[in-house]
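Inside the fold
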Amino acid sequence: SVDKESFTDLGVDVDEPRLDQLTFDGWVALKDPVRPEARQVFLSMRQAGIRPIIITGDHPDTAGAIARELGILEPGDMVIVGRELDRMDDRELAQRVPGMAVYARVTAEHKLRIVRAWNGSSLPVLEKGEQFLRVIGIFALLCSHYKISL
């Protein structure tokens, strides 16, 4: 069955009565596999005392699955979405960041708040990502303690 929430999560405005006119023809699945050496890189980071996190616009299930595959998401770690961040003030976010390993469905503004919250923690912050080219991403990068471009 197709529901309105599935489309709304994608930012698509759907006329509900038209959903009843759709016919299910089958499933399509795509996967961009994690490079085999990537898991070892993240394990080495953990062994060196570095705690990696993921900040992405992807769906939380996708981001969580990748984080588990890479060894980033451990038991007790949280996957949080942008709309949950919207309900938190900066103080609450700063208190909760140590338990958050994956930030999904986030905007550039969320990313800036996340980096600022991590900067307020006692842990050093390192950033690498595709949003280097976005103004807000560059500002978040400048707020980080350490910068890496891969």
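Notes on the structure follow.

A word on the overall build of the protein chain. What the protein chain contains, in helices and strands, is eight helices and five strands. If you list the helices and strands of the protein chain from N to C, you get α-α-α-β-α-β-α-α-β-α-β-α-β. Burial analysis of the protein chain (150 residues in total) assigns 31% to the buried set. Contacts spanning at least 24 positions in sequence make up 48% of the contacts within the protein chain whose residues lie at least 6 apart. Carbon and sulfur atoms make up 54% of the accessible area of the protein chain, which amounts to about 10,400 Å² in all.

This part covers helix H4 (residues 60-70). It helps to recall that an α-helix has 3.6 residues per turn; residues three or four apart then point in one direction. Turning to H4, its buried residues number three or more, namely Pro 60, Ala 63, Gly 64, Ala 67 and Leu 70. For H4, the buried positions fall inside an angular range of 130° around the axis, keeping them on one side. Residues of H4 that are buried sit in contact with helix H3 (36-47), strand S1 (54-55), strand S2 (78-81) and strand S3 (100-104). Phi turns positive, to about 80°, at Gly 71, one or two residues after H4.

The next point concerns the environment of Phe 42. With respect to the helices and strands, Phe 42 occurs in helix H3. With 25 residues separating them along the chain, Phe 42 and Ala 67 place their C-alpha atoms 9.9 Å apart. Those residues in contact with Phe 42 that lie beyond four places of it in its chain are Pro 52, Leu 70 and Ile 72.

Pairs can form between side chains of opposite charge whenever their charged atoms are close. Counted according to the given criterion, the structure contains four salt bridges. Linking Glu 74 and Arg 46 is a salt bridge whose minimum nitrogen-to-oxygen distance equals 3.5 Å. Within this pair, whereas Glu 74 is found in the loop between H4 and S2, its partner Arg 46 is found in helix H3, the two being separated by 28 residues in sequence. Assessed through its relative accessible area of 38%, Glu 74 is described here as partly exposed. Residues Arg 113 and Asp 90 are paired through a salt bridge, measuring 2.7 Å at the closest nitrogen-oxygen approach. Linking Arg 113 in helix H7 (residues 108-119) with Asp 90 in helix H6 (residues 90-96), this pair joins segments that are 23 residues apart in sequence.

With that settled, consider the sheet that holds S3. Taken together, three strands build an open sheet; the order of strands is S1-S3-S2 and the sheet is parallel. Edge positions in the sheet fall to S1 and S2, since each of these pairs with one other strand and no more. Sheet topology places S2 next to S3; four bridges connect them, and they run parallel. Bridge pairing in S3 links Met 78 to Met 100. Sitting on the sheet, H4 touches S1, S2 and S3, and the angle it makes with S3 is about 140°.

Rules used throughout
- Residue numbers run consecutively from 1 along every chain, following the written order of its sequence.
- Owing to the predicted nature of the model, reporting of local features is limited to residues with pLDDT of at least 70; listing and counting of side-chain atom pairs is limited to 80 or more, with chain, interface and lining totals taken over all residues.
- Only hydrogens and water are set aside when side-chain values are computed; all heavy atoms of the structure are taken into account.
- Numbering of helices and strands starts at the N terminus; helices are DSSP runs of H or I of at least 4 residues and strands are runs of E of at least 2.
- Relative accessibility under 20% of the residue-type maximum defines a buried residue, over 50% an exposed one, and the middle range a partly exposed one, all with a 1.4 Å probe and only protein chains included.
- Two residues form a contact once any of their heavy atoms are found within 4.5 Å.
- Every accessible area reported is derived by Shrake-Rupley at a probe size of 1.4 Å, with residue values counting cover from the shown protein chains alone.
- It is the directions from the helix axis to the C-beta atoms whose arc is reported.
- Each reported salt bridge corresponds to a side-chain nitrogen of Lys or Arg within 4 Å of a carboxyl oxygen of Asp or Glu.
- Here, a strand pair is defined by DSSP locating no fewer than two bridges between the strands.
- For helices, the fitted line uses only the C-alpha atoms of the stretch in contact; every axis is such a line through C-alpha atoms, and the angle between N-to-C directions lies from 0 to 180 degrees.

Keep in mind these values describe shape, not function.
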